[in-house]
Amino acid sequence: MKSNKTNKMQVKSRAGRKEERTAYLCLIPAFLGVSLISYLPTLAVFVLSVFKWNGLSSPEFVGMENFQRIFTKDIYFADSIKATILYALLAVVGAIIYSLLVALLLNMKIWGRTFFRSIFFIPYLLPAIGVYKGWQWLYEGNFGLFNFVLRMMGLKPQRFLDSPSQVVPSLVVIAIWTSGNLIVVFLAGLQNVPRVYMEAAEIDGANAWQRFWNVTIPSISPIIFYNVLTALITHLQVINPALALTDGGPGKKSMFMSYVIYLYAFKKNKLGYAAAYSVIFFILVGIFTAVLFKTQKEQIFGEGE
């Protein structure tokens, strides 16, 4: 009897090992893809950051000279950090509020709900260059739609993309408009809020705001955290507005760090210096992400350690 049990266990053990080997073999292509596309290039950037290299000549080891120059002599560094952080914070806050409000509206039983869901998601799917060129016409100082409306209302036209004080908020509006992916995620979270909790709150006499704050928000807190995290990382890496609309201006107010890296790497051929910039940028994004993870329990889930 014991011998039969032992044989069965051995057979199961061999089957388990065979299944495990099969799983590892299936994971090899994915692991190689991630390594070749993400891990190795990232490691190469860290290595290249301590070299002086223009992409043609042999790399020259300079140690920490690139970093020292960035922190002490670089004309873009301080402005790029300010512009990147300001844009990211405004875009994240604006996109989260806008996406949640739209998702709440689309979660109601209204006529044409499916149609409106598609309308709000389409901007996220549009090609970036087309989106920014369209908004460039809207913001145009002489013949743009926004200034035309302002003139019709008897108000003074605005410079929008040509104003140092207005350029970042103007770009943030575009980022908020294209946050259809966040709307979809919020909508999925809202549809999974347990109806029994809402009914219990209604029986207890809670009004709409109390039900939203005390039932809906706690129920979708993981969704909020996910959207905040993805939006933060996305907007910290902003580069398309500078490439398509502003070239870092006016007055270096939209000189985002990703655009500075592009500028040094592909326009000035300072690949080693751009790599050092990338390392600093990588650390900056890591700090913001770590702070968000550290505070997420207290700020989103409402609980301490």
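Everything numeric here is computed off the predicted structure, so don't read it as measured data.

Which residues make up the packing of helix H4 (residues 113-125) against helix H8 (residues 180-191), and what values go with them?
The interhelical angle for the contact between H4 and H8, taken along N-to-C directions, is 140°, at an axis separation of 7 Å. Classified by the interaxial angle, the pair formed by H4 and H8 is oblique. Across from Arg117, Phe120, Phe121 and Tyr124 in H4, the residues of H8 making contact are Gly180, Asn181, Ile183, Val184, Leu187 and Gln191. The residue inventory of the contact of H4 with H8, partitioned by class, reads 6 nonpolar, 3 polar and 1 charged.

Account for the pattern of salt bridges, naming residues and giving values.
Overall, the coordinates contain 3 salt bridges when judged by the stated rule. Notably, a salt bridge pairs Asp79 with Lys252, separated by 3.3 Å at the nearest N-O pair. Note that Asp79 is positioned in helix H3 (residues 77-106) and Lys252 in the loop between helix H12 (240-246) and helix H13 (257-267), a separation of 173 residues in sequence. Of the residues examined, Lys252 reaches a relative accessible area of 29% and is grouped as partly exposed. The shortest N-O distance in the salt bridge between Arg195 and Glu199 comes to 3.7 Å. Taken together, the residues span about one helical turn, with Arg195 and Glu199 both in helix H9 (residues 195-203) at a distance of 4 residues. Note on Glu199: relative accessible area 38%, which makes it partly exposed. A network of salt bridges, in which partner residues are shared, links Arg195, Glu199 and Glu202.

Quick one: what's the story with unusual backbone geometry, residue by residue and with numbers?
Of the consecutive residues Gly249 and Pro250, the connecting peptide bond is found in the cis state with omega at -10°. Despite not being glycine, Phe160 shows a phi value in the positive range, around 50°. Inspection of the secondary structure assignment puts Phe160 in the loop between helix H6 (145-152) and helix H7 (167-177). Phi angles above zero are rare outside glycine, and Lys252 is one such case at about 65°.

Quick rundown of the side chain of Ser80? Include the residues and the values.
Inspection of the secondary structure assignment puts Ser80 in helix H3. Given a relative accessible area of 0%, Ser80 falls into the buried group. A polar side-chain atom of Ser80 sits 2.7 Å from the main-chain carbonyl oxygen of Phe77. For Ser80, the contacting residues outside a window of four places in its chain are Met255, Phe256, Met257, Val260 and Tyr277.

Can you explain the packing of aromatic side chains? Please cite residues and give values.
Here the structure, examined in full by the defined rule, presents 22 aromatic pairs. Between Phe51 and Phe61, the aromatic rings sit 5.6 Å apart at their centres with planes inclined by 75°, giving edge-to-face as the arrangement. Of this pair, Phe51 sits in strand S1 (residues 51-52) while Phe61 sits in strand S2 (residues 60-61), and the two are 10 residues apart along the sequence. Judged by relative accessible area, Phe51 falls into the partly exposed class, the value being 22%. Among the aromatic residues, ring-to-ring pairing joins Phe71, Tyr76, Phe77, Tyr264, Tyr273 and Tyr277 into one connected group. The residue whose ring lies beneath Arg69 is Tyr273, and the NZ or CZ to ring-centre distance is 5.3 Å.

Lay out the nonpolar core in plain terms, naming residues and giving numbers.
Within the largest apolar cluster, 74 residues are counted, with the highest numbers of intra-cluster contacts made by Tyr87, Leu171, Ile174 and Tyr277. Of all the elements, H3 adds the most residues to this core, at 12 residues. For Leu171, the contacting residues outside a window of four places in its chain are Tyr87, Leu161, Pro241, Leu245, Thr246, Ser254 and Phe256.

An account of the environment of Trp209 is needed here, citing residue identities and associated values.
Tracing the sequence through the fold places Trp209 in helix H10 (residues 208-219). What makes Trp209 exposed here is its relative accessible area of 56%. Here the alpha-carbon distance between Trp209 and Gly286, two residues 77 residues apart in the chain, equals 36 Å.

Definitions and limits used
- Residues numbered from 1 in each chain as written.
- Predicted model: local features only at pLDDT ≥ 70, side-chain atom pairs only at ≥ 80, totals over all residues.
- Heavy atoms only, no water.
- Axes fitted to C-alpha atoms, helices over the stretch in contact; angles between N-to-C directions.
- Helix = DSSP H or I, 4+ residues; strand = E, 2+ residues; numbered from the N terminus.
- Parallel < 35°, antiparallel > 145°, perpendicular 65-115°, else oblique.
- Contact = heavy atoms within 4.5 Å.
- Nonpolar A, V, L, I, M, F, W, Y, C, P; charged D, E, K, R; others polar.
- Salt bridge = Lys/Arg side-chain N within 4 Å of Asp/Glu carboxyl O.
- Buried < 20%, exposed > 50% of the residue type's maximum accessible area, 1.4 Å probe, protein only.
- Polar contact = N/O pair within 3.5 Å; in protein donor to acceptor, adjacent residues only side chain to side chain.
- Phe/Tyr/Trp six-rings, centres within 6.5 Å; stacked < 30°, edge-to-face > 60°.
- Lys NZ or Arg CZ within 6 Å of the ring centre and 35° of its normal.
- Core = buried A, V, L, I, M, F, W, Y, C linked by side-chain atoms within 4.5 Å.

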